[in-house]
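Okay, here's what each chain looks like letter by letter:
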Amino acid sequence: ELHELRSNKGFCALAEGSGERSNVMQLLTGISGNLAPERKHVGRRTKNSSSLIICDPYFFSWSGPNKGFSREREYTNYIIGLIPREVRRLEVYHLPGPNSRIFGRFKKEIGSRNIQVSYYQTTEIHDRVIIDANDNGTLLGTSFGGLGNKLAFVLDIPIEDVKAFKIELARI
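Residues numbered from 1 in each chain as written. Predicted model: local features only at pLDDT ≥ 70, side-chain atom pairs only at ≥ 80, totals over all residues. Heavy atoms only, no water.

## What about the overall build of the protein?
Broken down by element type, the protein carries five helices and seven strands. Here the analysis covers contacts within the protein between residues at least 6 apart in sequence; of these, 73% occur between residues at least 24 apart. When the accessible surface of the protein is split by element, carbon and sulfur atoms take 51% of a total near 9,200 Å². (Helix = DSSP H or I, 4+ residues; strand = E, 2+ residues; numbered from the N terminus. Contact = heavy atoms within 4.5 Å. Areas by Shrake-Rupley, 256 points an atom, 1.4 Å probe, with all protein chains shown as cover.)

Structure below.
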């Protein structure tokens, strides 16, 4: 029940273990005061990796103020900050027709970091996924722009599924 989730600081009762990737899931709730830990949890999925694949149809979109982001610039700063300095290769899969302000600023900032970036416009991907250089896959139950806005889970993806997903990405 929701009141039990609140008393458990937003962590799912099914989560087990204490290692960074051993938690099965974490609930992103948007409960007042919980946004910073939620963002930190997602940010850990991008850290210490030389390459990243980000799949989010709405990565370069912002639909207006919500509980997670009150301004477009705040959201844009967040997605730029998700890409750590050590990343040398980045692939982003998103819907055609991105928001030109968000896309332009992201492209400029990330381009200044000497990162090899590939952008793929596609309508074939629904889920929001992060894959690091070690093929650790993470599924977000919401778009990056929706973090903290509605109830959603963050799930580790089994390696077999990550490999199958990457085969489909290569096809796209």
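Once the structure has been displayed, the description carries forward.
## Section: unusual backbone geometry
In terms of backbone geometry, most residues other than glycine have negative phi values and most peptide bonds are trans. For asparagine 48, which is not glycine, the phi torsion reads 55° and is therefore positive. The class of asparagine 48 is exposed, set by a relative accessible area of 71%. With phi around 60°, aspartate 135 is a residue other than glycine that occupies positive phi space. Position of aspartate 135 relative to the elements: it lies in the loop between strand E5 (128-132) and strand E6 (137-140). (Buried < 20%, exposed > 50% of the residue type's maximum accessible area, 1.4 Å probe, protein only.)

## Focus: the pairing of strand E3 (residues 89-94)
With respect to burial, E3 is a largely interior element, five of its six residues being buried. In this structure, strand E2 (residues 51-55) lies alongside E3, joined through five bridges in parallel fashion. Following the sheet pairing, leucine 52 is matched in E3 by leucine 90. In this fold, E2 hands off to helix H3 (residues 72-81), which returns the chain to E3; that crossover is right-handed. In this sheet, strand E4 (residues 116-121) lies alongside E3 in parallel orientation, the contact comprising six bridges. What sits directly across from histidine 94, in E4, is glutamine 121. Handedness of the crossover joining E3 and E4 through helix H4 (residues 100-111): right-handed. (Pairing = 2+ DSSP bridges. Right-handed = clockwise from strand over helix to strand, strands pointing away.)

## Focus on the environment of leucine 35
Secondary-structure assignment places leucine 35 in helix H2 (residues 35-43). Judged by its relative accessible area of 22%, leucine 35 is partly exposed. Between the C-alpha atom of leucine 35 and that of lysine 67, which follows or precedes it by 32 residues, the distance is 8.9 Å.

## Let's talk about the pairing of E6
Taken together, the four bridges between E5 and E6 define a ladder with antiparallel strand orientation. Note that in E6 the partner of isoleucine 131 across the bridge is glycine 137. Where E6 meets strand E7 (residues 152-157), four bridges bridge the pair, whose relative direction is antiparallel. Residue pairing in the sheet places leucine 139 in a bridge with leucine 155 of E7.

## Topic: the packing of aromatic side chains
By the definition in use, this model includes 11 aromatic pairs. A ring pair is formed by phenylalanine 59 and phenylalanine 106, whose centres lie 5.6 Å apart and whose planes are at 85°; its orientation type is edge-to-face. Here phenylalanine 59 is found in the loop between E2 and H3, whereas its partner phenylalanine 106 is found in helix H4, with 47 residues between them in sequence. With respect to burial, phenylalanine 59 and phenylalanine 106 carry one shared label: buried. (Phe/Tyr/Trp six-rings, centres within 6.5 Å; stacked < 30°, edge-to-face > 60°.)

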